[in-house]
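# Commentary on secondary and tertiary structure
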Amino acid sequence: MSREEPAPRGLLISFEGVDGAGKSSHVEGLAAELRGAGRDVVTLREPGGTPLGERVRELLLDAELERSPRAELLLFQVARAELVAERIRPALEAGAVVLIDRFSDSTRAYQGWGLELERGLVEDALRLATGGLEPDLVILLDLEPARGLRRVNSAGKRHDAIESRRRDFLERVRRGYLELARREPERWLIVDAARPPAAVAAAVSGRVRRLLDGEDR
Ligand code: Z5A
């Protein structure tokens, strides 16, 4: 884990991918499996997870509310700073496995690649929010954006401010994720999220078990 602040003892595992890739489903599935094996597991999602973060989430997902790219970048970091301080660091210090539905790489992919904000700005904002905390493992559920949106729509979920952006935005986001994964293959797992849920879950579970057994640390 790379960090600028004291070393937490638990493990931080993030799930990333375009909308509808299956992150929420697999966070819950993996949490159930790990709890069944006697692990202390905390599940979180971004943006949100604290009273302040949930208020910021409402602002961010409000399709009627216009925002500039920099304002959006900062709003995500407000929610994240609170989550890191109030939930993630305490859980890691207590030795828990923290499974989080989106973390810093969502900002890199959506605000960096998607909105095309300068990389240095994005990294500065992230450092402010996280103090340098990065996941031990990033699980990228890789899916063609159009397919993810079809899944979201058929699940009856609303089309929020960010989901309603054009397809070329989400194509850039996907390319961003794949580039991030290519740079750090030892810390990222890319799973083909077009495969059936059981196959995706098996790939996720195998890699996480190796990490927990200490083989990948
Ligand atoms: N955002 C950002 O821009 N910058 C940031 O820093 C952060 C976030 C942190 C949050 O939206 C938005 O904020 C998001 C990024 C942006 N952009 N958008 N839009 P959210 O939290 O409301 O939604 P989401 O994160 O995009 O997740 P989602 O729409 O809930 O999708 P998901 O969690 O990846 O998928 P799911 O709910 O688990 O599955 C969707 C459906 O597909 C469901 O019916 C499943 O049963 C089905 N499914 C799942 N896996 C499969 C497989 N393998 N086959 C078939 N069907 C499947």
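Presented here is an overview of the structure given in this document. Throughout, residues of each chain are indexed from 1 in the direction in which the sequence is written. With pLDDT at 70 or above as the cut-off, local features in this predicted model cover only qualifying residues; side-chain atom pairs require 80 or more to be listed or tallied, and sums for whole chains, interfaces and linings still use all residues. Excluded from the side-chain calculations are hydrogens and water; all other atoms, namely the structure's heavy atoms, are used.

Turning to the overall build of the protein, a few remarks are in order. The helix and strand inventory of the protein stands at eight helices and five strands. When the helices and strands of the protein are read in sequence order from the N terminus, they spell out β-α-β-α-α-β-α-α-β-α-α-β-α. Computed over C-alpha atoms, the radius of gyration of the protein comes to 16 Å, within 12% of the 17 Å expected from 2.2 N^0.38 for 217 residues, which places it in the range of a compact globule. Considering only C-alpha atoms, the protein reaches an extent of 45 × 40 × 30 Å along its principal axes. In this description, contact between two residues means that some pair of their heavy atoms is separated by no more than 4.5 Å. In the protein, the share of contacts with a sequence separation of at least 24, taken over all contacts with a separation of at least 6, comes to 79%. Taken as a whole, the protein presents about 10,300 Å² of accessible surface, with 50% of it coming from carbon and sulfur. Positive charges come from Lys and Arg, negative ones from Asp and Glu, while His and the chain ends are left out of the count. All charge positions are set by atom: Lys at NZ, Arg at CZ, Asp at CG, Glu at CD. Side-chain charges in the protein split into 36 positive and 38 negative, and the spacing between the mean points of these groups amounts to 3 Å. Strands here mean DSSP runs of E at least two residues long; helices mean DSSP runs of H or I at least four residues long; both are numbered from the N terminus. Throughout, radius of gyration means the C-alpha value; the globule benchmark is 2.2 Å times the number of residues raised to the power 0.38. Here the open area of atoms and residues is found with the Shrake-Rupley method and a 1.4 Å probe, where only the protein chains shown may cover a residue.

Turning to the side chain of Glu-46, a few remarks are in order. In this structure, Glu-46 sits in the loop between β2 (41-45) and α2 (51-60). A relative accessible area of 8% places Glu-46 in the buried class. What qualifies as a polar contact is a pair of N or O atoms within 3.5 Å, subject to a donor-acceptor requirement within protein and to the restriction that residues adjacent in sequence count only when both atoms come from side chains. Within the structure, Glu-46 has its side chain in polar contact with the side chain of Arg-80 (distance 2.6 Å). Apart from residues lying up to four places away in sequence, Glu-46 is in contact with Arg-57, Arg-80, Leu-83, Ile-100, Asp-101, Arg-102 and Phe-103. Only protein chains enter the accessibility calculation, which uses a 1.4 Å probe. A residue is then buried if its area is under 20% of the maximum for its type, exposed if over 50%, and partly exposed in between.

What follows covers the sheet that holds β2. The five strands lie next to each other as β2-β3-β1-β4-β5, forming an open sheet whose pairing is parallel. Looking at strand neighbours, the two that pair on one side only are β2 and β5 (188-192), the edges of this open sheet. The mean inter-strand angle of the sheet, taken between neighbouring strand axes irrespective of direction, is 20°. For helices, the fitted line uses only the C-alpha atoms of the stretch in contact; every axis is such a line through C-alpha atoms, and the angle between N-to-C directions lies from 0 to 180 degrees. Contacts from helix α1 (residues 23-36) reach β1 (11-16), β2, β3 (97-101) and β4 (137-142), with the element oriented near 165° to β3. By the convention used here, strands pair only if DSSP detects at least 2 bridges between them.

The next subject is α2. Taken residue by residue, α2 has Gly-53, Val-56, Arg-57 and Leu-60 as its buried positions. The buried residues of α2 occupy an angular sector of 110° when the element is viewed end-on, so they sit on one face. The exposed set on the far side of α2, more than 90 degrees from its buried face, consists of Pro-51, Arg-55 and Glu-58. Looking at the buried positions of α2, the neighbouring elements they touch are β2 and α3 (69-93). Here the arc refers to the directions that run from the helix axis out to each C-beta atom.

Before going further, it helps to spend a moment on the pairing of β3. Most of β3 sits inside the fold, with five of its five residues counted as buried. The sheet contact formed by β1 and β3 spans five bridges and is parallel. Counted as the bridge partner of Leu-11 is Val-97 from β3. With five bridges connecting them, β2 and β3 associate as parallel partners. Bridge pairing links Thr-43 to Leu-99 in β3.

Another point: the packing of α3 against helix α5 (residues 119-130). Two numbers describe how α3 lies on α5: the axes approach to 7 Å, and their chain directions differ by 30°. Relative to α5, α3 is oriented roughly parallel. When the axes of α3 and α5 are compared, the crossing they make is right-handed. On α5, the residues that touch Arg-70, Leu-73, Gln-77, Arg-80, Ala-81, Val-84 and Arg-89 of α3 are Leu-121, Val-122, Ala-125, Leu-126, Ala-129 and Thr-130. Under the grouping applied here, Gly and all other residues not named as nonpolar or charged are polar, the nonpolar ones being Ala, Val, Leu, Ile, Met, Phe, Trp, Tyr, Cys and Pro and the charged ones Asp, Glu, Lys and Arg. Counted by class, the contact of α3 with α5 contains eight nonpolar, two polar and three charged residues. For classification purposes, angles smaller than 35 degrees are called roughly parallel, those larger than 145 roughly antiparallel, those between 65 and 115 roughly perpendicular, and all remaining angles oblique. Crossing handedness follows the turn of the near helix against the far one: under a right angle anticlockwise gives a left-handed crossing, and clockwise gives a right-handed one.

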